[in-house]
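Next come the chains, spelled out residue by residue.
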Amino acid sequence: MISRYRLALVAISTCATLVVSACQPTTSSVETTEATAAEPVKPSISTDEATTATEVEASTEAYTDNNISASDMVADQAPLTDMGKDYTKSLTRMYDEMKIGMGYNDPDATFAKAMLGHHRGALDLVTIELKYGDDASMQELAQRIGDEQQAEMAIINKWLASHLDAAKPKLETAFVQQDYKDSTQPMYDQMMLASTDPIADLAFARSMLAHYVGAADMAMIEIKYGTDEDMLALARAIIDEQQPTKKMLQQWIAMHPSIETVSNDDLNSAESTAVAEAIKKTVPATKTKPAA
């Protein structure tokens, strides 16, 4: 009887031990679980995704997109003044309208539409000068430029009303579009740079000088590719009639040196460099006072 009782106790103890052992996790399982909880697994990123993320971050820091890089950047990242905001808005609108014409197929229609936007930009510059400027000669010049631009705009609008763009690209269309792009982007950049001059009349004079250089470049493209006699005549007139005004602007700038000067480091094209050199040659060099 006692033997049977002892055997029963041994059997019960053995079963209990087995049950408890089965319920306990192994040491390796515990360590793995703790490691997993402490170190969450990072999602894998492909090389392309990583590169794209880096490019997006870099482009954000570099202020990409035309509306920021060309329109909002001024010297030393200074906040835009009211005049600066007006110039930025006007010049951006001018260039946007010009780009519509630069997408046309027919060379003559391209010239007409792009020049129409270019002239509207000049009218905006005139408005800004009359609003902020105070030099009598620049105010008078602005009025005259406004009258001249409006007269040419009437010619262009009349021509466009009876001359539609070509339905399909021509053999020279791609070359025309590229020439306009190469010519107008530097002009726009230079006008934006010139408009940051803190002196209102100088901002107008420098911007207008770059505007005239850009108009001459556009006229030369029309002479190179155009076939319509009316548009060719307008292109030649633009080149010839702007010369006296360009000279007047250069002479006026020479007598009114700016607080800030245009640096060649800020320019990135032969056209813009030519404008900057024309400006710099007319500004007297600052003399250094001899040491006492």
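Below you will find a few notes about this structure. Quick caveat: nothing in here was measured; it's all calculated off a predicted structure.

## What about the pattern of salt bridges?
Alright, step 1. Following the criterion strictly, the structure yields eight salt bridges and no others.
Alright, step 2. The closest approach of N and O atoms between K99 and D96, which form a salt bridge, is 3.7 Å. Of this pair, K99 and D96 both sit in helix α5 (residues 82–101), three residues apart, which is roughly one turn of the helix.
Alright, step 3. Note on K99: relative accessible area 34%, which makes it partly exposed.
Alright, step 4. For D96, a relative accessible area of 37% corresponds to the partly exposed category.

## Things to note about the packing of helix α6 (residues 107–132) against helix α9 (residues 200–225)
Alright, step 1. Where α6 contacts α9, the two axes come as close as 10 Å, and the packing angle between them is 170°. Here α6 is positioned roughly antiparallel relative to α9, judged by the angle of their axes. Residues P107, D108, F111, A114, M115, H118, A122, L125, V126, E129 and Y132 of α6 form the contact with α9, whose participating residues are A200, D201, F204, S207, M208, H211, G214, A215, M218, A219, E222 and Y225.

## Digging into the side chain of D108
Alright, step 1. Inspection of the secondary structure assignment puts D108 in helix α6.
Alright, step 2. Buried charged residue D108 carries no salt bridge. Nearest counter-charge: K170, at 6.1 Å.
Alright, step 3. In this structure, D108 is in contact with W159, E222, G226, T227, D228 and M231, ignoring residues within four places of it in sequence.

## So, the nonpolar core
Alright, step 1. Core analysis: the largest hydrophobic core is formed by 53 residues, its most contacted members being Y87, L91, F111, F204, M208 and L249.
Alright, step 2. Put simply, the parts of the chain that give this core at least two residues each are α5, α6, α7 (136–161), α8 (173–194), α9 and α10 (229–255).
Alright, step 3. Among the elements that take part in this core, α9 stands out by supplying 14 residues, more than any other.

## A short note on α5
Alright, step 1. The end-to-end C-alpha distance of α5, which contains 20 residues, comes to 29 Å, matching closely the 28 Å that a straight helix rising 1.5 Å per residue would cover.
Alright, step 2. Buried residues of α5: M83, G84, Y87, T88, S90, L91, T92, M94, Y95, E97, M98 and G101, and no others.

## With respect to the packing of α6 against α7
Alright, step 1. Two numbers describe how α6 lies on α7: the axes approach to 9 Å, and their chain directions differ by 155°. The angle between α6 and α7 falls in the class roughly antiparallel. Helix-helix and strand crossings are classified by hand; for α6 and α7 the assignment is left-handed.
Alright, step 2. Across the contact of α6 with α7, the residue classes tally to 15 nonpolar, seven polar and five charged.

## Overview of the side chain of D106
Alright, step 1. Structurally, the position occupied by D106 is in the loop between α5 and α6.
Alright, step 2. A distance of 2.9 Å separates a polar atom in the side chain of D106 from the backbone nitrogen of A109.
Alright, step 3. The contact partners of D106, leaving out residues within four places of it in the chain, are D165, A166 and K170.

What counts, and where the lines are drawn
- Residues numbered from 1 in each chain as written.
- Predicted model: local features only at pLDDT ≥ 70, side-chain atom pairs only at ≥ 80, totals over all residues.
- Heavy atoms only, no water.
- Salt bridge = Lys/Arg side-chain N within 4 Å of Asp/Glu carboxyl O.
- Helix = DSSP H or I, 4+ residues; strand = E, 2+ residues; numbered from the N terminus.
- Buried < 20%, exposed > 50% of the residue type's maximum accessible area, 1.4 Å probe, protein only.
- Axes fitted to C-alpha atoms, helices over the stretch in contact; angles between N-to-C directions.
- Parallel < 35°, antiparallel > 145°, perpendicular 65-115°, else oblique.
- Contact = heavy atoms within 4.5 Å.
- Lys, Arg positive; Asp, Glu negative; His and termini not counted.
- Core = buried A, V, L, I, M, F, W, Y, C linked by side-chain atoms within 4.5 Å.
- Expected span 1.5 Å × (residues − 1).
- Left-handed = near helix turned anticlockwise from the far one by under 90°.
- Nonpolar A, V, L, I, M, F, W, Y, C, P; charged D, E, K, R; others polar.
- Polar contact = N/O pair within 3.5 Å; in protein donor to acceptor, adjacent residues only side chain to side chain.

Note that every value here comes from positions in space, so none of it alone points to a role or purpose.
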